[in-house]
Amino acid sequence: MVWLVGCGQMAQDYIKVLQALNVDFLCIGRGESSANVCKMKTNKEVFVGGLQEFILMQNGKKPSHVIVATNVESLFENCLLLLKYGIKNILLEKPGSLRYSEFLLLNDEAKKINSNIYVAYNRRFYASVLKAKELILKDGGVKSFNFDFTEWSHVIEKLDKSSLVKNKWFLCNSTHVVDLAFFLGGKPKKLTSYTNCALDWHPSASSFCGCGVSENNALFAYQSNWKSPGRWVVEILTDNYRLVFKPLEKLLIQNKGEISIDFYNNIDYALDTEYKPGLYLQLKNFLHNLTDDLCTLNEQIDMLKFYYKIANYTVD
């Protein structure tokens, strides 16, 4: 048995995959209106009343795996409840929490019961990324990489999101692309970062640049200006290829000695077309305990020191 905590849009995307995988699961929501919308869209019954109330009704019965796909502000409290209840395998939607101290608390609780927590960076499982991993391995590894995590501030400022989420927008949203870059190129070993300017809703900075060396000894650089036009981009350079994710869901390739950059044709995008990209394989791997490419909670905590440095956040 699997539990899915949440019934919003992200949870609905998970429901579609769970139904396709023929998984026996229960969906746990909080509010009646959102539960009704979820049921209408997915034809899945939703428990209304929240996770704590649901747990009290279980009389000690536990699922093998739980997916937490609530809004960002509720991720920590729901994950903590599950750990207190003794759940061993948790897929926690990104970023996992909004405070460094809460990440540490989750980690401490997980260690007490030997629980496995994974942060759901589904872009690691894009068809474009899986093909790139093959090409990188074939060509002897990543030699350098760069990325851009520009956010559209004129759009974000109008979103119906809490100030807490907007103040940590880099952690909540930009790490989708940054995680992917470091997943392919290697985690940072050294990082020099610079920031300036600010936005009313993101006071730590609005312009970012930096460089460093990965654990694989690949050089990397990044830049992002949230007040200017731009888009997410990751570029991975090997001896013979420049692999370009622009958009991230698709892979473009430039071969050595060539000027043109073309879409790589030999990729099956069927799963990423039918379901939210990357979600099917991420969830399938999680449920089958094939976790090598999943982001562990420990890995997320290790990366936080770099994320906070890039975004100019104060450790909280």
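Basis of the calculations
- Residues numbered from 1 in each chain as written.
- Predicted model: local features only at pLDDT ≥ 70, side-chain atom pairs only at ≥ 80, totals over all residues.
- Heavy atoms only, no water.
- Helix = DSSP H or I, 4+ residues; strand = E, 2+ residues; numbered from the N terminus.
- Rg over C-alpha atoms; globule rule 2.2 N^0.38 Å.
- Buried < 20%, exposed > 50% of the residue type's maximum accessible area, 1.4 Å probe, protein only.
- Contact = heavy atoms within 4.5 Å.
- Areas by Shrake-Rupley, 256 points an atom, 1.4 Å probe, with all protein chains shown as cover.
- Lys, Arg positive; Asp, Glu negative; His and termini not counted.
- Charge placed at Lys NZ, Arg CZ, Asp CG, Glu CD.
- Core = buried A, V, L, I, M, F, W, Y, C linked by side-chain atoms within 4.5 Å.
- Pairing = 2+ DSSP bridges.
- Axes fitted to C-alpha atoms, helices over the stretch in contact; angles between N-to-C directions.
- Left-handed = near helix turned anticlockwise from the far one by under 90°.
- Nonpolar A, V, L, I, M, F, W, Y, C, P; charged D, E, K, R; others polar.
- Disulfide = S-S within 2.5 Å.
- Phe/Tyr/Trp six-rings, centres within 6.5 Å; stacked < 30°, edge-to-face > 60°.
- Patch = residues over 30% accessible without salt bridge, like charges linked within 9 Å, V, L, I, M, F, W, Y side chains within 5 Å.
- Salt bridge = Lys/Arg side-chain N within 4 Å of Asp/Glu carboxyl O.
- Expected span 1.5 Å × (residues − 1).

Asker: Would you explain the overall build of the protein in this entry?
Answerer: Scanning the protein from terminus to terminus reveals 12 helices and 15 strands. Radius of gyration (C-alpha) of the protein: 20 Å, near the 20 Å computed for a compact globule of 316 residues. For the protein, the spread of C-alpha atoms along the principal axes amounts to about 65 × 45 × 40 Å. In the protein, buried positions account for 54% of the 316 residues. Long-range pairs, those at least 24 residues apart, make up 68% of the contacts in the protein with a sequence separation of at least 6. When the accessible surface of the protein is totalled, it reaches about 14600 Å², and 50% of it is carbon and sulfur. One finds the centroid of the 36 positive side-chain charges in the protein at a distance of 2 Å from the centroid of its 33 negative side-chain charges.

Asker: I would appreciate a short explanation of the nonpolar core in the present structure.
Answerer: In globular proteins that are soluble, nonpolar side chains generally tend to be buried together. Among the nonpolar cores identified, the biggest contains 76 residues, and Phe 147 and Phe 149 are the most heavily contacted of them. Considering each element in turn, this core owes the most residues, 11 residues, to helix α9 (residues 169-185). For Phe 147, the residues in contact, after removing those within four places along its chain, are Val 178, Ala 181, Phe 182, Phe 220, Ala 221, Tyr 222, Gln 223, Val 233 and Val 234. Within the second largest apolar cluster, 27 residues are counted, among which are Ala 11, Leu 91, Tyr 118 and Tyr 280.

Asker: What is the right way to look at the sheet that holds strand β5 (residues 89-93) in this model?
Answerer: Hydrogen bonds between backbone atoms are what pair the strands of a sheet, whose relative direction is either parallel or antiparallel. Here we have 7 strands laid out as an open sheet, ordered β3-β2-β1-β4-β5-β6-β15, and mixed in their pairing. Two strands lie at the open edges of the sheet, namely β3 (46-47) and β15 (295-296), each paired on one side alone. Strand direction decides the pairing type here: β5 and strand β6 (residues 116-120), joined by 5 bridges, are parallel. Its bridge partner being in β6, Asn 89 is matched across the sheet by Asn 116.

Asker: Which parts of the structure should I look at to understand the packing of helix α1 (residues 9-20) against helix α2 (residues 32-42)?
Answerer: The geometry of a pair of packed helices is captured by two quantities: the angle between their axes and the separation between those axes. Closest axis-to-axis distance for the α1/α2 pair is 10 Å, and the angle between their directions is 35°. When the axes of α1 and α2 are compared, the crossing they make is right-handed. Across the interface between the two elements, Gln 9, Gln 12, Ile 15 and Gln 19 of α1 pack against Val 37, Cys 38, Lys 41 and Thr 42 of α2. Per-class residue counts for the contact of α1 with α2 are 3 nonpolar, 4 polar and 1 charged.

Asker: Just checking my understanding: could you explain the state of the cysteines for this structure?
Answerer: When the sulfur atoms of two cysteines share a covalent bond, that bond is a disulfide. Enumeration according to the criterion identifies 0 disulfides in this entry. Sulfur of Cys 79: no disulfide; nearest cysteine sulfur belongs to Cys 295 and is 13 Å away. Counting only cysteine sulfurs, Cys 211 is the nearest neighbor of Cys 209, a cysteine outside any disulfide, at a range of 7.9 Å.

Asker: It is not clear to me how the sheet that holds strand β9 (residues 207-214) should be interpreted in this structure. Could you clarify?
Answerer: The strand order across the open sheet formed by 8 strands is β8-β9-β10-β7-β11-β12-β13-β14, and the pairing between neighbours is mixed. Edge strands, defined here as strands with exactly one partner in the open sheet, are β8 (188-196) and β14 (262-263). Pairing analysis gives 4 bridges linking strand β7 (residues 144-149) to strand β10 (residues 219-225), with the strands arranged parallel. Bridge pairing in β10 places Phe 147 opposite Tyr 222. Its contacts with the sheet put α9 on β7, β8, β9, β10, β11 (232-237) and β12 (241-245), and the angle it makes with β7 is roughly 165°.

Asker: Would you mind showing me how to read the packing of aromatic side chains here?
Answerer: Note on aromatic pairs: each is described by the distance of the centres and the angle between the planes. What the rule picks out here adds up to 21 aromatic pairs. An angle of 65° between the planes, with centres 5.1 Å apart, marks the rings of Phe 47 and Phe 54 as edge-to-face. Phe 47 sits in the partly exposed class, given a relative accessible area of 21%. When the centroid spacing of 6.0 Å and the interplanar angle of 70° are considered together, the rings of Phe 170 and Tyr 307 count as edge-to-face. Here the residue Phe 170 occupies a position in helix α9, and Tyr 307 occupies one in helix α12 (residues 297-311), the gap between them amounting to 137 residues.

Asker: Honestly, a nonpolar patch on the surface in this entry has me stumped. Any pointers?
Answerer: A cluster of nonpolar residues, Trp 152, Val 155 and Leu 159, forms a patch on the protein surface that exposes about 270 Å² of accessible area. When you line up the elements, Val 155 lands in helix α7 (residues 153-156). The exposure class of Val 155 is partly exposed, given its relative accessible area of 38%.

Asker: For this particular structure, what's the right way to read the pairing of strand β4 (residues 65-68)?
Answerer: Two faces belong to every sheet, and in a regular strand the side chains alternate between them. By the alternation rule, side chains of β4 split into His 65 and Ile 67 and Val 66 and Val 68, which are all buried. Examined bridge by bridge, β4 and β5 share 3 bridges and lie parallel to one another. Note on β5: the bridge partner recorded for Ile 67 is Leu 91.

Asker: Looking at this model, I keep getting lost on helix α6 (residues 127-138). Mind explaining?
Answerer: Residue pairs spaced three or four apart in an α-helix point in one direction, given the helix's 3.6 residues per turn. Spanning 12 residues, α6 covers 17 Å between terminal C-alpha atoms, matching the ideal 16 Å at 1.5 Å per step. Taken as a whole, α6 has its buried residues at Ala 127, Ser 128, Val 129, Lys 131, Ala 132, Leu 135 and Ile 136. On its buried face, α6 is in contact with α9, β11, β12, β13 (252-255) and α10 (270-274). Just downstream of α6, Gly 140 is the residue with a positive phi angle, here 90°.

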